[in-house]
Structures are given as C-alpha cells and as structure tokens.
Amino acid sequence: MTTRRHFIWLLPASGAALLSACSESAPPPGAEAPAAAPASSAEYPVPAPAPAPEVAQTPATAGPMLEASDPTAVALGYVALAANADKSRFPNFVEGSACSNCTLYQGAIGSEAGPCPLFAGKQVAAAGWCSSWVKKKT
Ligand code: SF4
C-alpha cells in the first residue's frame, strides 16, 4: 500500500528520470534521431561551375548597321569608310583615324562593326569615322 509519505519520497526520483528522458541528448521515445551533420562537403554534390561565356565579337544588343543617311550621322559627318570623310567640312580629320581606334567604339578588337554610344541601337563600321572621333588610349 502506498502512503502519502512513500509518494513524497518517490517524487524527486521520478522527476529526475523524467527530466533525463526529455533532455536534448536523447530523442523522445518513438521519435527518429536527428541526422548527423555531414563530415565533409563531399557528401553534398557541388554543381560544376558554368562554363564562361564565349567573348562575343559583337554584343547581341548592337542592332543594325548605321545608315549614312541617319540624321545624326549626317550631322556628325559619319562615313562607313574613314577615307571618304569630308575633310573640307571636317578639317580636324586625322589620317589613320577610324571607329576602330576611337575611344567611343565598343566593338571587340578585330570586329567589323560595333556599337557607338552616339548612335544608340546601331552599329558603326570599324573602318568608319565621324567628326566626334577621339583617339583611343592604348
Ligand atoms: Fe566612330 Fe568614334 Fe564617331 Fe562613334 S564617335 S562613329 S566610334 S568615330
């Protein structure tokens, strides 16, 4: 027969057993133990880095070739071949100057044509020229 005194005597012992059962070190009965942390990153598949994109000769957003009849092109004296520049109208023309060696030319080295910020959305000929030519720094 369990007396009140015997019950009070058993209470601390059963409380300690209950606390140890609920501690973090042991999962509750019926629960799965948490998965162990991976020992190394080899357990996680690391995707291979994406291949570097090929250097485009001409940006995809370059657009169509600039027409010499374009109003801005006419105003700046743009020609698709620098040798055809109107030297009387543009006495600042420098022999050997062309879009390809202009600081504003954005085409790749060796490209036939490329963008120029003066003619947004269009491409200028690498061999072209306009009166805004500025020697590219080397
Ligand atoms: Fe060519 Fe330079 Fe004139 Fe642009 S600014 S059209 S790259 S010469």
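So, how was this worked out
Residues numbered from 1 in each chain as written. Predicted model: local features only at pLDDT ≥ 70, side-chain atom pairs only at ≥ 80, totals over all residues. Heavy atoms only, no water. Helix = DSSP H or I, 4+ residues; strand = E, 2+ residues; numbered from the N terminus. Contact = heavy atoms within 4.5 Å. Areas by Shrake-Rupley, 256 points an atom, 1.4 Å probe, with all protein chains shown as cover. Buried < 20%, exposed > 50% of the residue type's maximum accessible area, 1.4 Å probe, protein only. Polar contact = N/O pair within 3.5 Å; in protein donor to acceptor, adjacent residues only side chain to side chain. Salt bridge = Lys/Arg side-chain N within 4 Å of Asp/Glu carboxyl O. Core = buried A, V, L, I, M, F, W, Y, C linked by side-chain atoms within 4.5 Å.

Trainee: Is there a simple way to explain the overall build of the protein chain in this structure?
Mentor: The secondary structure content of the protein chain amounts to 2 helices and 2 strands. Taken from N to C terminus, the helices and strands of the protein chain fall in the order α-α-β-β. A separation threshold of at least 6 residues defines the contact pool for the protein chain, and within that pool the share at least 24 residues apart is 61%. Here the protein chain has roughly 10,400 Å² of accessible surface; of this, 64% comes from carbon and sulfur atoms.

Trainee: Got a minute to help me understand the side chain of Asp70 in this structure?
Mentor: As for its placement among the helices and strands, Asp70 is situated in the loop between helix 1 (4-21) and helix 2 (71-76). The exposure class assigned to Asp70 is buried, which follows from its relative accessible area of 17%. Of the polar contacts made by the side chain of Asp70, one reaches the backbone nitrogen of Thr72; its length is 2.9 Å. Setting aside residues up to four positions removed in sequence, Asp70 forms contacts with Phe119 and Lys122.

Trainee: I'm lost on the side chain of Ser97 in this one. Help?
Mentor: In this fold, Ser97 is placed in the loop between helix 2 and strand 1 (113-115). One polar contact links Ser97 to Trp129, side chain to side chain, over a distance of 3.1 Å. Apart from residues no more than four positions distant in its own chain, Ser97 is found in contact with Ala82, Trp129 and Trp133.

Trainee: Mind showing me how you'd approach the environment of Ala120 here?
Mentor: Counting through the fold element by element, Ala120 comes out in the loop between strand 1 and strand 2 (123-125). Remark: the alpha-carbon pair of Ala120 and Gly63, spanning 57 residues in sequence, is separated by 8.6 Å.

Trainee: So what exactly am I meant to see when it comes to the pattern of salt bridges here?
Mentor: Side chains bearing opposite charge may pair, as long as their charged atoms lie close to each other. For the structure on display, the rule yields 1 salt bridge. Residue Lys122 is joined to Asp70 by a salt bridge in which the shortest nitrogen-to-oxygen separation is 3.5 Å. Placement of the pair is Lys122 in the loop between strand 1 and strand 2 and Asp70 in the loop between helix 1 and helix 2, with a sequence separation of 52 residues. For Lys122, a relative accessible area of 26% translates into the label partly exposed.

Trainee: What is the right way to read the nonpolar core from this model?
Mentor: Nonpolar side chains tend to gather and get buried jointly when the protein is soluble and globular. In this structure, Leu66, Tyr78, Tyr105, Phe119, Val124 and Trp129 are the most contacted members of the largest nonpolar core, which totals 21 residues. At the level of elements, helix 2 and strand 2 are the ones that each hand at least two residues to this core. Apart from residues no more than four positions distant in its own chain, Trp129 is found in contact with Gly77, Tyr78, Val79, Ala82, Ala85, Phe90, Asn92, Phe93, Ser97, Ala98 and Cys99.

These results come straight from atomic positions and should not be treated as a statement about function.
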